[in-house]
Amino acid sequence: MYKQYFKQAWNLMRQNRFYSGVYIIGTGLAISMVMVIAIVYHIRTADIMPEVHRSKYLYIDQVKYERGKGNSNFFGASVPPKNA
């Protein structure tokens, strides 16, 4: 039964070469983009060298320094806390 399915699929691919190529390339690109997004997310959040203790980092978004009469404010990028 599977042999018949493969024969039918092969015949359809031979009849419509352009559409078959577009479908195969589109499916491959979609799968590769999902894999790239998953890998980038993993690399940015995992404890990978050189940041082996990334899960223990403390992220600060604002620092205020006061000394004498004047004061200084330092603002950094707002980073939401990671849910552990």
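Before reading further, recall that the structure is shown in the block above.
Q: Which residues make up the packing of aromatic side chains, and what are the values?
A: Scanning the entire structure with this criterion turns up 2 aromatic pairs. Centre to centre, the rings of Tyr2 and Tyr5 are 6.4 Å apart; their planes meet at 75°, and the pair counts as edge-to-face. On the criterion of helical spacing, the pair formed by Tyr2 and Tyr5 is a turn pair, its members being 3 residues apart in helix α1 (residues 2-15). Relative accessible area serves as the criterion here: at 46%, Tyr5 is assigned to the partly exposed category. For the pair Phe18 and Tyr19, a centre-to-centre distance of 5.6 Å together with 65° between the ring planes defines the contact as edge-to-face.

Q: Could you give me a rundown of α1, with the residues and numbers involved?
A: For α1, spanning 14 residues, the distance from its first C-alpha to its last is 20 Å, which sits close to the expected 20 Å at 1.5 Å a residue. Burial runs low along α1: only 0 of the 14 residues are buried.

Q: So what's going on with unusual backbone geometry? Which residues, and what values?
A: Pro50 follows Met49 through a cis peptide bond whose omega is 0°. For Pro50, the location among the structural elements is in the loop between α2 (17-45) and β1 (62-67).

Q: Please give an account of a nonpolar patch on the surface that cites residues and values.
A: Together, Ile31, Met35, Ile39, Ile43, Ile48, Met49 and Val52 make up a nonpolar patch on the protein surface, roughly 670 Å² of accessible area in all. With respect to the helices, strands and loops of the structure, Met35 is situated in helix α2.

Q: Lay out the packing of α1 against α2 in plain terms, naming residues and giving numbers.
A: As a packed pair, α1 and α2 sit with axes 5 Å apart at the nearest point and diverge in direction by 110°. Put simply, α1 runs roughly perpendicular to α2. Across the interface between the two elements, Leu12, Met13, Arg14 and Gln15 of α1 pack against Arg17, Ser20 and Ile24 of α2.

Here is what the cut-offs are and how they apply
- Residues numbered from 1 in each chain as written.
- Predicted model: local features only at pLDDT ≥ 70, side-chain atom pairs only at ≥ 80, totals over all residues.
- Heavy atoms only, no water.
- Phe/Tyr/Trp six-rings, centres within 6.5 Å; stacked < 30°, edge-to-face > 60°.
- Helix = DSSP H or I, 4+ residues; strand = E, 2+ residues; numbered from the N terminus.
- Buried < 20%, exposed > 50% of the residue type's maximum accessible area, 1.4 Å probe, protein only.
- Expected span 1.5 Å × (residues − 1).
- Patch = residues over 30% accessible without salt bridge, like charges linked within 9 Å, V, L, I, M, F, W, Y side chains within 5 Å.
- Areas by Shrake-Rupley, 256 points an atom, 1.4 Å probe, with all protein chains shown as cover.
- Salt bridge = Lys/Arg side-chain N within 4 Å of Asp/Glu carboxyl O.
- Axes fitted to C-alpha atoms, helices over the stretch in contact; angles between N-to-C directions.
- Parallel < 35°, antiparallel > 145°, perpendicular 65-115°, else oblique.
- Contact = heavy atoms within 4.5 Å.

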